[in-house]
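Breakdown of the fold
Residue-level listing of the chains:
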Amino acid sequence: MGDQPFCDEATIDTIRLTFFDDENDEPELPVAMVCLIATMIYAILKDWSSGNPPSSAQVKSFNASSHVGVYKAHQATLMRIFDGSRKKYHALMARLYKAVSAIDNSASTGSSSTCDYLDLDAMVEE
């Protein structure tokens, strides 16, 4: 197995069970990835609204620990969706996966800067 790292049965089964829906095998983005990017966007927009436009130096020096509360709020939002409806959670995370993995990524998703906009009942399940 040394010539094929991460190809053992336990790793493959865990990835399949974690990121692929049992019914349709559509991959999902991991929660941590979505939360980290949402937190980075929050930090950049907060700096920008304070009169500090984003620069490549700011992005390179992003410190996640100073925004852990924002990260956890995004994580709580995703867990609220998951707990409310696994199908809706899967639809969201699979749609995000498709959007970011597309070669021609012309799809744009609008979002609010707070977590108070969530309407679980209005979310699509498929």
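Moving on to the overall build of the protein. Each helix and strand in the protein was counted, giving five helices and zero strands. Each helix and strand of the protein, ordered N terminal to C terminal, gives the series α-α-α-α-α. Out of the 126 residues belonging to the protein, those deemed buried represent 20%. Sequence-distant contacts, at least 24 apart, represent 69% of the contacts inside the protein between residues at least 6 apart. On the protein, roughly 9100 Å² of surface is accessible, and the fraction owed to carbon and sulfur atoms is 56%.

When the terminal C-alpha atoms of helix 5 (residues 86-101) are compared, their 22 Å separation across 16 residues agrees well with the 22 Å that a helix rising 1.5 Å per residue should span. The set of residues buried in helix 5 consists of Lys 88, Tyr 89, His 90, Ala 91, Leu 92, Met 93, Ala 94, Leu 96 and Ala 99. In this structure, the buried side of helix 5 is in contact with helix 2 (31-49) and helix 4 (68-84).

Now for the packing of helix 4 against helix 5. The geometry of helix 4 relative to helix 5 is characterised by a closest axis approach of 5 Å and an angle of 130° between their N-to-C directions. Regarding the angle of helix 4 to helix 5, the classification is oblique. Here Leu 78, Met 79, Ile 81, Phe 82 and Gly 84 of helix 4 lie close against helix 5, whose contacting residues are Arg 86, Lys 88, Tyr 89, Leu 92 and Met 93. Among the residues making up the contact of helix 4 with helix 5, the classes are represented as seven nonpolar, one polar and two charged.

For helix 4, which comprises 17 residues, the first-to-last C-alpha distance of 24 Å matches the rise-based estimate of 24 Å (1.5 Å per residue) to within 8%. Of the surrounding secondary structure, the elements contacted by the buried residues of helix 4 are helix 2 and helix 5.

Right, let's get into the nonpolar core. Counting 11 residues, the largest nonpolar core is built from Leu 29, Val 31, Val 34, Cys 35, Leu 78, Ile 81, Tyr 89, Leu 92, Met 93, Leu 96 and Met 123. Where this core is concerned, the elements lending two or more residues are helix 2, helix 4 and helix 5. Broken down by element, this core gets its largest block of residues, four residues, from helix 5. When neighbours within four sequence positions are excluded, Val 34 is seen to be in contact with Leu 29, Leu 78, Met 93 and Leu 96.

The next point concerns the environment of Ile 44. Residue placement: Ile 44 occurs in helix 2. Distance from Ile 44 to Phe 62, taken between C-alpha atoms, is 9.1 Å for residues 18 residues apart in sequence.

Rules behind the numbers
Residues numbered from 1 in each chain as written. Predicted model: local features only at pLDDT ≥ 70, side-chain atom pairs only at ≥ 80, totals over all residues. Heavy atoms only, no water. Helix = DSSP H or I, 4+ residues; strand = E, 2+ residues; numbered from the N terminus. Buried < 20%, exposed > 50% of the residue type's maximum accessible area, 1.4 Å probe, protein only. Contact = heavy atoms within 4.5 Å. Areas by Shrake-Rupley, 256 points an atom, 1.4 Å probe, with all protein chains shown as cover. Expected span 1.5 Å × (residues − 1). Axes fitted to C-alpha atoms, helices over the stretch in contact; angles between N-to-C directions. Parallel < 35°, antiparallel > 145°, perpendicular 65-115°, else oblique. Nonpolar A, V, L, I, M, F, W, Y, C, P; charged D, E, K, R; others polar. Core = buried A, V, L, I, M, F, W, Y, C linked by side-chain atoms within 4.5 Å.

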